[in-house]
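The residues making up each chain are set out below.
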Amino acid sequence: VKPMTPRCSVPKAVPVGKSASLHCHENEGFPKSTYSWYRNSEPLSPDSKSSKLHNSSYTLNPATGTLVFHAVHKGDTGRYSCIATNDAGFAKCEEQEMEV
């Protein structure tokens, strides 16, 4: 079963140096969906060390759809969206702006 459009929650504004949690979830898809996050339409690597986001520290869990920034900085500002994917297809949530 193809995933439904996931529900994404992105904080609107986060102070520099604070942590931020972004969530993405859908429960219609079977088999269970895996999640990937995008910033300004660029995919975020599941491993922040290999990411193109310079000195950004975050943890991305593809199984739960949670993206956590440990300490945000100005460069993390952007439009975030998430895609839920399984064997039957994928679905994307609307982009949401996060201001730092």
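Report follows, based on the coordinates. All values derive from a computational prediction rather than experimental measurement. (Residues numbered from 1 in each chain as written. Predicted model: local features only at pLDDT ≥ 70, side-chain atom pairs only at ≥ 80, totals over all residues. Heavy atoms only, no water.)

1. Brief notes about the state of the cysteines
Next, step 1: Going through the model one piece at a time under the given rule, you end up with two disulfides.
Next, step 2: Paired through a disulfide, Cys8 and Cys93 show a sulfur-sulfur distance of 2.0 Å. Taking the sign of the S-S torsion, about -105 degrees here, the bridge from Cys8 to Cys93 comes out left-handed. With Cys8 in strand S1 (residues 7-9) and Cys93 in the loop between strand S8 (89-92) and strand S9 (96-98), this pair connects stretches of sequence that are 85 residues apart.
Next, step 3: Judged by relative accessible area, Cys93 falls into the buried class, the value being 5%. (Disulfide = S-S within 2.5 Å. Helix = DSSP H or I, 4+ residues; strand = E, 2+ residues; numbered from the N terminus. Buried < 20%, exposed > 50% of the residue type's maximum accessible area, 1.4 Å probe, protein only.)

2. Digging into the sheet that holds strand S5 (residues 58-61)
Next, step 1: Ordered in space as S1-S2-S6-S5, the four strands form an open sheet in which the pairing is antiparallel. At either margin of the open sheet sits one strand with a lone partner, and together these are S1 and S5. Averaged over all pairs of adjacent strands, the angle between their axes in this sheet comes to 5 degrees, without regard to strand direction.
Next, step 2: As defined by bridge partners, S1 adjoins strand S2 (residues 20-25) across three bridges and the pair is classed as antiparallel. (Pairing = 2+ DSSP bridges. Axes fitted to C-alpha atoms, helices over the stretch in contact; angles between N-to-C directions.)

3. Observations concerning the pairing of strand S7 (residues 78-86)
Next, step 1: Summarising burial for S7: seven of the nine residues are buried, a large majority.
Next, step 2: Relative to S7, strand S3 (residues 34-39) runs antiparallel, the two being bridged by six bridges. When the bridges of S7 are listed, Tyr38 appears paired with Ser81.
Next, step 3: With three bridges joining them, S7 and S9 adopt antiparallel strand pairing. The residue bridging Gly78 from the neighbouring strand is Met98, located in S9.
Next, step 4: Where S7 lies against S8, four bridges are found, and the strand directions are antiparallel. Looking at S8, one finds that Asn86 is bridged to Gly89.
Next, step 5: Where S7 hands over to S8, the hairpin turn is made up of two residues, counted between the paired strands.

4. Focus: the environment of His25
Next, step 1: By secondary structure assignment, the location of His25 is in strand S2.
Next, step 2: For the pair His25 and Val1, spaced 24 residues apart in sequence, the C-alpha separation works out to 15 Å.
Next, step 3: If sequence neighbours within four positions are ignored, His25 has contacts with Pro6, Arg7 and Tyr35. (Contact = heavy atoms within 4.5 Å.)

5. As for the nonpolar core
Next, step 1: In this structure, Leu22, Trp37, Leu67, Phe69, Tyr80 and Met98 are the most contacted members of the largest nonpolar core, which totals 20 residues.
Next, step 2: Among the secondary structure elements, those contributing two or more residues to this core are S2, S3, S5, strand S6 (66-69) and S7.
Next, step 3: Met98 has contacts with Val10, Pro11, Lys12, Val14, Ala20, Leu22, Phe69, Val72, Asp76, Thr77, Gly78 and Tyr80, leaving out every residue within four places of it along the chain. (Core = buried A, V, L, I, M, F, W, Y, C linked by side-chain atoms within 4.5 Å.)

Don't take any of this as a statement about function, it's just geometry.
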